[in-house]
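What follows is each chain in one-letter form.
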Number of protein chains: 2
Amino acid sequence: MSAFTSARPGESTPALSDAHRGPGGVLEIPQRFLMGPGPANADPRILAAQSLPLLGHMHPPFIKIMDEVQQGLRYLFQTDSKYTLCASGTGHAGMEMAIANLVEPGETIVVGNNGIWGTRVCDMAERFGANVVNLQTPAGTSFSLETLTAALKEHKPAVLFLCQGESSTGVHQSLAGVGDVCRETGTLLLVDTVCSLGGVPLYADEWKVDAIYSGSQKCLSAPPGAAPLMFGERAQAKLKARKTKVRSYYLDLNLVGNYWGWDAPQPRAYHHTGMTSMWYAMREALAIVSEEGLDAMWARHEAVHKQLWEGLGAMGLQPFVQNPADRLLTVNTIKVPEGVDWAAVCANAMAKFNVEIAGGLGPTAGQIWRVGLMGYNARPANVELVLAAFRDGLKQQGYIK
Amino acid sequence: MSAFTSARPGESTPALSDAHRGPGGVLEIPQRFLMGPGPANADPRILAAQSLPLLGHMHPPFIKIMDEVQQGLRYLFQTDSKYTLCASGTGHAGMEMAIANLVEPGETIVVGNNGIWGTRVCDMAERFGANVVNLQTPAGTSFSLETLTAALKEHKPAVLFLCQGESSTGVHQSLAGVGDVCRETGTLLLVDTVCSLGGVPLYADEWKVDAIYSGSQKCLSAPPGAAPLMFGERAQAKLKARKTKVRSYYLDLNLVGNYWGWDAPQPRAYHHTGMTSMWYAMREALAIVSEEGLDAMWARHEAVHKQLWEGLGAMGLQPFVQNPADRLLTVNTIKVPEGVDWAAVCANAMAKFNVEIAGGLGPTAGQIWRVGLMGYNARPANVELVLAAFRDGLKQQGYIK
């Protein structure tokens, strides 16, 4: 403390404690193949963008980057809505932003719950004072349009939540026809696309989806930390007609949206400091999407999914999801055969191949493996590596020769 | 769409719209000297850490990084508390996390409000159902211990909020004696250190501060996106004794804290996907703090503050904050002399020198300039550049020769 002389009157300035001084040295990170449900490996071009120098959060070149992110999201969501942005946080921040803004206390939300994400939405919506209808279907299955229609007609909820890709079970929820029924019952359709966006078809406008959130770290190949979000015209109208203030300041779309230019030509006001490096990463991720094209991206995810299952099938492994039409292409769930130690297979994959293969989560814990084929990792070589890790692990246990 | 064949039954898959396809090309960023109130320029070593490959959010090497972040925060806060972490968002997320967890609906919070941050805390606390006492003092002044003591004794609030560094006015709030009075009235002391942490002395334990939040993008020289947070034992006890659920799932410290190991030896559970690259950046930022040492950091910030004011004084410029003991070292506020166009000085600094000098905000809009000397930017060469920009701008307007 010798050199510092501006201590405030009355404030004690004892000797500094070095008890917790650290860490030291330059960070080093081991290379891993993240073939679980996410985060997936980031594209090196996107990681490189994160080492670019910072800009101020209201500087014109930074606003231009935000504009480009919004444009890229419109293409990715296949929407003409001007109301796109990224929440300043991970996918959960996007989920909470959607719920906090769409539902007012006392309103009803029907939650299509077939895994961990529906359960989370129920929890969040309760915290925000909603009347929650927890609509359940067994793990490994999706909701039929009949089931959803009946629930919508019975409850006439303000919001229906569906998860397009349920990563805990590997289930794909079809959205066919749901948007139409929601319009009949005065319901806003909110869809979680965290592990599906960019990997499987989504047409927000054509399918009449009112609100969507996603994550950055799955098929978009960016690090976790940004949650893409879209509000359609009906969702935006609901936001503007709210009778109560959104309970979260940080996630209030009346304020965050303004910062992203939603109120143009009204000027943008400072709300919070935008996440500079993370927006660089998202801009780059969306440029890559735009350059590849969605049709090529979807076909690439489909091709590696097929490649994976050919290899798994040859080992005698079976999908957890019975109905082929319910199977998610991006996060693949595989039944653990009787007598096989699933955790040993995962541990061997990491130790010997640097490959992450995940176990189950929530309703599927101990029953399945989960293999993600997303974004930068949705490539034939990665599939071969995963298959090699399975083969080796299953041989060790005498399940295959 | 020719290649993709896995469309779900009934889902339409029209031709893709290229109306919003974009952006394209590799991102390029102009170099700027961010000498406003923040974000400040990031240390290149920290930016480089952000381009390291990703790890899974529950992988042991990633947990080790989180542990190192917690350790580094203990040194930075000068606390033995095990309850440190980073909120997965910008400084505002830290603010909202602190308020959401510390205050239950119906409880009283006294907010020391002498600028924009107190006003924000009032807004947030109201959204979380608190009874808010908005204690105000004129812009450019701090609260005396007498004023705070009187408010504490009158309201016996659950929480007292103070902002150590009010960046909208350049005021430093002394914490001398405040912790002792708070213990008498059963009040938790919550301090905002977003633009002061690492730049000026703070001894969380010695000064009896119960909860602190900060930001990554000021004196810590990292990008915005992580909010360092500390809960002392009393704050943690309050959290565990809450009668109501925290209204935000994303920011619920009962859950987020567990993910950071606060409940050890209980195992960590998945709560949300940690912000991989951002935690790398924070780990590296804290390693740099530890290597330099807090005493050297504080002395460095003090030295450039003095250097700045010697130069500004020679031009006849005056500090906005009258009482020298109230002046913040890190964000300096400068009165705009009569007849001088403040915005023209800022515009010239950016156009000619690539230097950001900011105007006022909230209560000081149009009256002051703000110059940040924080972290990587708290260096003599940067001060000279700022002074050159002021000299040039003031000459153009005939204020100096």
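Residues numbered from 1 in each chain as written. Chains lettered and ligands numbered in written order. Predicted model: local features only at pLDDT ≥ 70, side-chain atom pairs only at ≥ 80, totals over all residues. Heavy atoms only, no water.

A. Focus on the overall build of chain A. Helix and strand content of chain A: 12 helices and 14 strands. Buried residues in chain A amount to 68% of all 401 residues. In chain A, 72% of the contacts between residues at least 6 apart in sequence involve partners at least 24 apart. Approximately 12,600 Å² of chain A is accessible, and the part contributed by carbon and sulfur atoms is 53%. Taking the average location of the 33 positive side-chain charges in chain A and that of its 36 negative ones, the two points are 2 Å from each other. (Helix = DSSP H or I, 4+ residues; strand = E, 2+ residues; numbered from the N terminus. Buried < 20%, exposed > 50% of the residue type's maximum accessible area, 1.4 Å probe, protein only. Contact = heavy atoms within 4.5 Å. Areas by Shrake-Rupley, 256 points an atom, 1.4 Å probe, with all protein chains shown as cover. Lys, Arg positive; Asp, Glu negative; His and termini not counted. Charge placed at Lys NZ, Arg CZ, Asp CG, Glu CD.)

B. Layout of the interface of chain A and chain B. In this complex, chain A contributes 121 residues to the contact, which on the side of chain B involves 121 residues. Roughly 10,200 Å² is buried in total at the junction of chain A and chain B, and carbon and sulfur atoms are behind 59% of that figure. Three residues stand out in chain A for area buried against chain B, namely Arg 8, Arg 127 and Tyr 249 of chain A, and they jointly supply 8% of the buried area on that side. At the junction of chain A and chain B, the tally comes to 4 salt bridges. (Buried area = accessible area lost by both parts, 1.4 Å probe. Salt bridge = Lys/Arg side-chain N within 4 Å of Asp/Glu carboxyl O.)

C. Inspection of the UniProt feature "domain: Aminotransferase class V" (unreviewed entry) in chain A at higher detail. The residues that UniProt annotates with the feature "domain: Aminotransferase class V" (unreviewed entry) are residues 57-360 of chain A. The straight-line gap between the two end C-alpha atoms of residues 57-360 of chain A is 40 Å; of that span, 41% is helix and 15% is strand. (UniProt positions renumbered as here; feature names shortened; annotations may be inferred.)

D. Expanded view of empty space enclosed by the protein. Taken as a whole and assessed by the stated rule, the structure comprises 7 cavities of 30 Å³ or more. Roughly 150 Å³ of internal volume is contained in the largest cavity. Every residue lining the largest cavity is counted, 15 residues in all, and those nearest its centre are Gly 91, His 92, Trp 117 and Val 194 of chain A together with Tyr 270 of chain B. Here the element with the most residues in the lining of the largest cavity is helix H3 (residues 91-102) of chain A; it accounts for 3 residues. Reported here for the second largest cavity is a volume of approximately 70 Å³. Lining the second largest cavity we find Gln 50, Pro 224, Gly 225, Met 275, Ser 277 and Met 278 of chain A together with Gln 50, Pro 224, Met 275, Thr 276, Ser 277 and Met 278 of chain B. Taken together, the elements giving at least two residues each to the lining of the second largest cavity come down to helix H9 (276-292) of chain A together with helix H9 (276-292) of chain B. Here the lining of the second largest cavity gets 3 residues from one element, more than from any other, and that element is H9 of chain B. Here the lining of the second largest cavity is built from residues that sort into 6 nonpolar, 6 polar and no charged. (1 Å grid on protein atoms, 1.4 Å probe; cavity = no way out; pocket = protein on both sides within 12 Å on 5 of 7 lines; lining within 4 Å. Points joined across faces, edges and corners; volume = space filled by probe spheres on them. Nonpolar A, V, L, I, M, F, W, Y, C, P; charged D, E, K, R; others polar.)

E. Structural view of the relation of the copies chain A and chain B. Laying chain A over chain B is done by rotating through 180° and shifting 0.0 Å along the axis; what remains is an RMSD of 0.0 Å. Look at the turn and shift together and you get a two-fold axis relating the two. Among all residues of chain A, the minimum C-alpha distance to the rotation axis is found for Gly 89 of chain A, at 2.6 Å. Looking at chain A, 100% of its interface residues are interface residues in chain B too, so the copies touch through the same face. (Least-squares fit on C-alpha atoms with pLDDT ≥ 70 in both.)

F. Broad picture of the sheet that holds strand S3 (residues 108-113) of chain B. Residues and elements named next belong to chain B. Ordered in space as S2-S10-S9-S8-S5-S3-S4, the 7 strands form an open sheet in which the pairing is mixed. Unpaired on one side and paired on the other, strand S2 (84-87) and strand S4 (131-136) mark the two borders of the sheet. Across the sheet, the axes of successive neighbouring strands diverge by a mean angle of 20°, strand direction being ignored. With 4 bridges connecting them, S2 and strand S10 (residues 227-231) associate as antiparallel partners. (Pairing = 2+ DSSP bridges. Axes fitted to C-alpha atoms, helices over the stretch in contact; angles between N-to-C directions.)

G. Inspection of the sheet that holds strand S14 (residues 368-372) of chain B at higher detail. Residues and elements named next belong to chain B. The 3 strands are arranged S11-S14-S13 in an open sheet whose pairing can be described as antiparallel. For this open sheet the edge positions go to strand S11 (331-335) and strand S13 (358-359), each flanked by a neighbour on one side alone. As paired elements, S13 and S14 share 2 bridges and run antiparallel to each other. If you follow Ala 358 over to S14, its bridge partner there is Arg 370.

H. Representation of the packing of aromatic side chains. For the structure shown, the criterion picks out 18 aromatic pairs over all chains. Pairing Trp 117 of chain A with Tyr 270 of chain B gives two aromatic rings, centres 6.3 Å apart and planes at 90°, and the pair type is edge-to-face. With one member in each of two chains, Trp 117 of chain A in helix H4 (residues 116-127) and Tyr 270 of chain B in the loop between helix H8 (253-259) and H9 form a pair that bridges those chains. Among the aromatic residues, those joined into a cluster by ring pairs are Phe 4 of chain A together with Tyr 203, Trp 207 and Trp 298 of chain B. Above the plane of the ring of Tyr 376 of chain A lies Arg 379 of chain A, whose end atom (NZ or CZ) is 4.1 Å from the centre. (Phe/Tyr/Trp six-rings, centres within 6.5 Å; stacked < 30°, edge-to-face > 60°. Lys NZ or Arg CZ within 6 Å of the ring centre and 35° of its normal.)

I. Quick look at H9 of chain B. Residue and element names in this part refer to chain B. With 17 residues, H9 should cover 24 Å at 1.5 Å per step; its first-to-last C-alpha distance of 25 Å lies within 8% of that length. Most of H9 is tucked away: 15 of the 17 residues are buried. One or two steps after H9, the chain reaches Gly 293, where phi turns positive at roughly 90°. (Expected span 1.5 Å × (residues − 1).)

J. Geometry of the pairing of strand S11 (residues 331-335) of chain A. Residues and elements named next belong to chain A. Extensive coverage of S11 is indicated by the burial of 4 of its 5 residues. Summarising the sheet, S11 and strand S14 (residues 368-372) pair through 5 bridges and their orientation is antiparallel. Bridge assignment links Lys 335 to a residue of S14, and that residue is Ile 368.

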